[in-house]
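Residues per chain, in single letters:
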Amino acid sequence: MPDLFDESQFSHEPLAARMRPRTLDEYIGQDHIVGKGRLLRRAIAADQLTSVIFYGPPGTGKTTLARVIANHTQSNFITLNAVLTGVADIRKSISEAETQKNMYSRKTILFVDEVHRWNKSQQDALLPWVENGTIILIGATTENPFFEVNKALVSRSRVFQLKPLTKDDLMHAAHQALDDTERGYGHWKVQFEEGALEHLVETANGDARSLLNALELAVETTPEKWNPSATPPVPSYGSTIYISRETAEESIQKKVVLYDRDGDYHYDIISAFIKSLRGRDPDAACYWLARMVKAGEDPDFIFRRMLISACEDTGLADPHAIEVVESCAAAFDRVGMPEGRYFLAHAALYLATAPKSNSSMAFFDALHSVEQEDADVPNHLKDSSRDAEGFGHGAGYMYPHAYRDHWVAQQYLPDALVGKVFYNPSDQGYENKIKSEVLSRRELQISAILENQGISGAKVNPVSQWWMDEHFNLPAQKEENLTFSPADGTKNAVLDRADRSWKARLDSNRAQTLLQIRNDMEETAGILRHHRSLIWNADDALLLFDITRKAPEGLTCGLCRTKNGFDTLIQYSKTLAELDKPQLALIEPDNSTLFFSKNSFLKSSRSFGDIVFDRIFFRDIISSVEDIQNFAEAIDKTFSETENPNRDIAFGQDDTLNKDTPALLSKNAQIILSQRIPCAGQHISELLLEQKKYDEQTVQILNKMEKAESDFFSNPANPLFNWNEETAAKVFAKHSLACSYKSTVITEKRRISENEINRWFNTTESSYGAAVAHEIGAQNAAKVAELLKAAAKDTLFSWKTRNVIFKITKA
């Protein structure tokens, strides 16, 4: 087999082949996979790769990434193309791998391009050798591996989904080729007419290979002669090559519609179309219909899905809907293309503007009851979301029938087309009836998208149990998971043991309270499997191991305040594999008297080298407005570094950080802060009044004490209590930080000791005790203390505090 990575014809290769990245630093895009700190990057750098599958559309860098791995590894590297090879080639590769293992103790990495093209027997032939470690597999596929690759192979591999490159990525790739003197066009002055290069990038559709092929054609066909191997080169070094807009348009004549009638895009686009019909968005319905027609989708398939939608979603709210779609389908059969597109559009627009009812779901509720009674339900009747566990597709979709008026404001068009209007209802007949409603919904929808929040109405309509079972059993993330690892029982056992260890140090309710806070923080953060997270004050292990579990293809780092906490966490994680361990460091001490030190954070957060974080977690770091100010300044500074990595970020008299210091946060990073609000502390008078009925005089004393406590906790002169979540939000806003927050009252079952009571009511050493005694008198304060001591002997109090979860991003 010829090596896919053979460079013997380097100078004669196409530009896209010549410009293939050779190292991770040259690799463009796919930050969620090979960004600094990500699992795959660390595995490649450490030469500790396990079997992986790269999945994504053409031109996204699957083969290139395999080539980079080949350049980094010390292992024996074999390449096969599944289109050109069979079982005999697999056996030959296995034989070579066994020889390398037995004679040289050397691992073998087998790269298989288009791995989905192998049939089941070919994939099965490879499985035992992957399982016993003789071969480390790297598979590349344009098809969803959860559908097209042997399930046994997938279960033993990490899956990484590559996405189309962004316009910024493509522009970077173009300039890299234009500036490279060794492999690209750095020896010539290539100039573009305004908009010419942008046109190439725009129409490349996220495909770097397509862009570089077009760039090569534009550059090498513009001069009268092109022979860089000639002596002297033609054209000569240093000469100017001018690329006009017309030349660029000829080089990449039309945008390719990304669509595969047998692959994921087929199912994803028809899904977007049907959801747009259901959501009554005629603009999006037109767009997705056009995508399918342009790509050559079978009109019978589109009409069949619209017939289903006419009953499933429009239903009896408009019984004529099915007649309209059926008539359009029959008319299409008589007329054909291209005029038949009118009938497709007519049916789609009718459904997208029709009223909605899902009363036909009654049948499926009945079927659900039958399924509950019959244990022998065939598998094909069960949930068809086969890759929900891996990629979480569909999570976050709001089902319109569950909301008031069977409609909810949400985005149906792609991000780049939000606000685009394709359909304007006329003022004639049926359209006149729906015009105002269509325009009103459109305005609400755009408003909700711009404000990044859904419509305020709560779910009010009954949703069938059948639909809930089929669609709502998905991960909570709204963002797509782009990586997947098979379950690792050993790793999970270690993490479970670590989790139990810190819980065991607390009484059960204390652990339950902390778990509620942890769940709230992680839910707000929306942790994805490839995220890199930094946890400040990680000593108590509340977040460290759970986030390590939730982001197996990312990285979790913890900063500990104490050496004892650091050593304990090291002990917990020592049995994990090197690449699975959270990274730990100590917080650098600071002379500041503040509860939160800006300088300490800015220095300590760099303890992990050039790792860039997607999430940073803080808990209970604020004790005063000054702390809020310091925290806001520190976060603002870290976001500023991300926006302008060359900015000089030195602070104070310390020049430790400078313009060469790498950014700490990724582009879409979030700061998650959990903070208890002291001014909303538990009132002792309330605790006592909840216990039993007292005589009238005692009740009067406790009511008077309640006023004293309210005044004490709202005293503007006390720095501990003169702030709350609204104060913090205003400070963040002044530093150009966007902030949303959610307040929760946490009830903790708590015993109160006699020593605590004596300390609280001490009028000389406790400001609280002095304030209460001043308001109700020393004698009455002593009486209240005795009542509390009596109650504390046999009472587990419900101690309430207000906890706030902040999500902070760059405004």
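Quantities reported herein were computed from a predicted structural model and do not represent experimental measurements. (Residues numbered from 1 in each chain as written. Predicted model: local features only at pLDDT ≥ 70, side-chain atom pairs only at ≥ 80, totals over all residues. Heavy atoms only, no water.)

## Describing the overall build of the chain
So, step 1. Check the secondary structure of the chain and you find 33 helices and 15 strands.
So, step 2. Partitioning the contacts of the chain with sequence separation of at least 6, the portion at a separation of at least 24 is 78%.
So, step 3. Of the roughly 39,100 Å² that the chain leaves accessible, carbon and sulfur atoms contribute 49%. (Helix = DSSP H or I, 4+ residues; strand = E, 2+ residues; numbered from the N terminus. Contact = heavy atoms within 4.5 Å. Areas by Shrake-Rupley, 256 points an atom, 1.4 Å probe, with all protein chains shown as cover.)

## Thoughts on the pairing of strand S1 (residues 52–55)
So, step 1. Neither face of S1 is exposed, since Val-52 and Phe-54 on one face and Ile-53 and Tyr-55 on the opposite face are all buried.
So, step 2. For S1 and strand S4 (residues 135–141), the ladder comprises 4 bridges, and the chain directions are parallel. Paired with Phe-54 across the bridge in S4 is Ala-140.
So, step 3. Taken together, the 4 bridges between S1 and strand S5 (residues 158–161) define a ladder with parallel strand orientation. Within S5, the residue paired with Ile-53 across the bridge is Val-159. (Buried < 20%, exposed > 50% of the residue type's maximum accessible area, 1.4 Å probe, protein only. Pairing = 2+ DSSP bridges.)

## Side note on helix H16 (residues 321–335)
So, step 1. Between its first and last C-alpha atoms H16 spans 21 Å; for 15 residues at 1.5 Å apiece the expected length is 21 Å, and the two agree.
So, step 2. Turning to H16, its buried residues are Ala-321, Val-324, Val-325, Cys-328, Ala-329, Ala-331 and Phe-332. Along the axis of H16, the buried residues cluster in a sector spanning 165°; they form a single face. Residues of H16 that are exposed and angled more than 90 degrees away from the buried face: Asp-333 and Arg-334.
So, step 3. Next to the buried residues of H16 lie helix H15 (299–314) and helix H17 (341–353).
So, step 4. Just beyond H16, the residue with positive phi is Gly-336, at close to 75°. (Expected span 1.5 Å × (residues − 1). Arc of directions from axis to C-beta.)

## Examining the sheet that holds strand S14 (residues 737–750)
So, step 1. As summarised here, the arrangement of the 7 strands in space is S11-S10-S9-S12-S13-S15-S14, forming an open sheet in which the pairing is mixed. Because the sheet does not close on itself, it has two edges, and the strands there are strand S11 (583–586) and S14. Neighbour to neighbour, the strand axes of the sheet diverge by 15° on average, direction disregarded.
So, step 2. Taken strand by strand, helix H25 (residues 563–573) contacts strand S10 (555–560) and S11, and its axis lies near 165° from that of S11. (Axes fitted to C-alpha atoms, helices over the stretch in contact; angles between N-to-C directions.)

## As for the side chain of Lys-789
So, step 1. With respect to the helices and strands, the residue Lys-789 is situated in helix H33 (residues 778–792).
So, step 2. By relative accessible area, Lys-789 is classed as buried at 16%.
So, step 3. What Lys-789 contacts, discounting residues up to four positions off in sequence, is Glu-754, Ile-757 and Asn-758.

## Concerning the environment of Lys-62
So, step 1. Considering the arrangement of structural elements, one finds Lys-62 in helix H4 (residues 62–72).
So, step 2. The class for Lys-62 is buried, based on a relative accessible area of 8%.
So, step 3. Separated by 99 residues in the primary sequence, Lys-62 and Gln-161 place their C-alpha atoms 9.4 Å from one another.
So, step 4. Ignoring sequence-local partners within four residues, the contact set of Lys-62 consists of Phe-54, Tyr-55, Gly-56, Pro-57, Ala-140, Thr-141, Thr-142 and Leu-162.
So, step 5. Looking at Lys-62, its side chain comes within polar contact range of the main-chain oxygen of Gly-56, at 3.0 Å. (Polar contact = N/O pair within 3.5 Å; in protein donor to acceptor, adjacent residues only side chain to side chain.)

## A few points about the pattern of salt bridges
So, step 1. Applying the stated criterion across every chain yields a total of 32 salt bridges.
So, step 2. Close ionic contact of Arg-532 with Asp-31 constitutes a salt bridge, the shortest N to O distance being 3.2 Å. Highlighted residues: Arg-532 in strand S9 (residues 532–536) and Asp-31 in helix H2 (residues 31–34), separated in sequence by 501 residues.
So, step 3. When its relative accessible area of 1% is taken as the criterion, Arg-532 is described as buried.
So, step 4. On the basis of relative accessibility, which here comes to 39%, the residue Asp-31 falls in the partly exposed class.
So, step 5. Of the charged contacts, one joins Asp-567 and Lys-563 as a salt bridge, the two residues approaching to 2.9 Å between their closest N and O atoms. Of this pair, Asp-567 and Lys-563 both sit in helix H25, separated by 4 residues, roughly a single helical turn.
So, step 6. Judged by its relative accessible area of 35%, Asp-567 is partly exposed.
So, step 7. Each of Arg-22, Glu-26, Asp-180, Glu-182 and Arg-183 takes part in a single network of salt bridges with overlapping partners. (Salt bridge = Lys/Arg side-chain N within 4 Å of Asp/Glu carboxyl O.)

## Some details on the side chain of Thr-801
So, step 1. One can find Thr-801 in strand S15 (residues 797–810).
So, step 2. A polar atom in the side chain of Thr-801 sits 3.1 Å from the side chain of Arg-676.
So, step 3. Setting aside residues up to four positions removed in sequence, Thr-801 forms contacts with Arg-676, Ala-680, Thr-744, Val-745 and Ile-746.

## Examining the environment of Glu-297
So, step 1. Considering the arrangement of structural elements, one finds Glu-297 in the loop between helix H14 (282–294) and H15.
So, step 2. On the accessibility criterion, Glu-297 (7% relative accessible area) is buried.
So, step 3. C-alpha separation for the pair Glu-297 and Ile-270, spaced 27 residues apart in sequence, amounts to 9.9 Å.

## What about the nonpolar core?
So, step 1. Core analysis: the biggest nonpolar cluster contains 64 residues, and Phe-601, Phe-618, Phe-631, Ile-684 and Phe-761 have the highest contact counts within it.
So, step 2. In this structure, this core is formed jointly by two domains, domain 5 (499–643 + 662–677 + 723–749 + 802–810) and domain 6 (683–720 + 752–795), each of which donates at least three residues.
So, step 3. Other than its neighbours up to four places away in sequence, Phe-631 contacts Phe-596, Phe-618, Ile-621, Ile-671, Leu-673, Phe-732 and Ile-808.
So, step 4. Residues Ala-285, Trp-288, Met-306 and Ala-354 belong to the second largest nonpolar core, which totals 31 residues. (Core = buried A, V, L, I, M, F, W, Y, C linked by side-chain atoms within 4.5 Å. Domains from an automatic or database assignment.)

## With respect to the pairing of S5
So, step 1. What you see with S5 is no split at all: Arg-158 and Phe-160 on one side and Val-159 and Gln-161 on the other are buried throughout.
So, step 2. Of the strand pairs in this sheet, S5 and strand S8 (residues 483–484) are connected by 2 bridges, and their pairing is antiparallel. Residue pairing for S8: Val-159 is matched across the bridge by Phe-484.

## A short note on the packing of aromatic side chains
So, step 1. With the rule as written, the count across this model stands at 21 aromatic pairs.
So, step 2. Among the aromatic residues, ring-to-ring pairing joins Trp-536, Phe-601, Phe-618, Phe-631, Phe-732, Tyr-741 and Phe-806 into one connected group.
So, step 3. In this structure, Arg-750 packs its charged tip against the face of Trp-799, placed 4.2 Å from the ring centre. (Phe/Tyr/Trp six-rings, centres within 6.5 Å; stacked < 30°, edge-to-face > 60°. Lys NZ or Arg CZ within 6 Å of the ring centre and 35° of its normal.)

## Things to note about the sheet that holds S5
So, step 1. Spatially, 6 strands are ordered S2-S3-S4-S1-S5-S8 in an open sheet, and the strand pairing comes out mixed. Strands with a single pairing partner mark the edges of an open sheet, and in this sheet they are strand S2 (76–81) and S8.
So, step 2. Here helix H5 (residues 87–104) sits on the sheet and contacts S2, strand S3 (108–113) and S4; the angle it forms with S2, its principal contact strand, is near 175°.
So, step 3. Its contacts with the sheet put helix H6 (residues 120–131) on S3 and S4, and the angle it makes with S4 is roughly 135°.

## As for the packing of helix H9 (residues 167–179) against helix H10 (residues 196–203)
So, step 1. Packing of H9 against H10 brings their axes to within 9 Å, and their N-to-C directions diverge by 125°. The angle between the axes of H9 and H10 places the two elements in the oblique class. In the crossing of H9 with H10, the sense of the turn from one axis to the other is right-handed. From H9, Lys-167, Leu-170, Met-171, Ala-174 and His-175 reach across to H10, where they touch Leu-197, Glu-198, Val-201 and Glu-202.
So, step 2. Partitioning the contact of H9 with H10 into residue classes produces 5 nonpolar, 1 polar and 3 charged. (Parallel < 35°, antiparallel > 145°, perpendicular 65-115°, else oblique. Left-handed = near helix turned anticlockwise from the far one by under 90°. Nonpolar A, V, L, I, M, F, W, Y, C, P; charged D, E, K, R; others polar.)

## A closer look at the confidence of the model for the chain
So, step 1. The pLDDT averaged across the chain works out to 80; a share of 80% of its residues lies at or above 70.
So, step 2. Mean pLDDT in the chain bottoms out at helix H21 (residues 465–471), which sits at 51, and peaks at strand S12 (residues 613–619), which reaches 95.
So, step 3. This stretch, residues 471–477, has a pLDDT under 50; its non-local contacts, to residues over four places away or in other chains, come to 16 contacts.
So, step 4. pLDDT under 50 marks residues 645–657. Its contacts with residues more than four places away, or in other chains, come to 26 contacts. (pLDDT = per-residue confidence, 0-100.)

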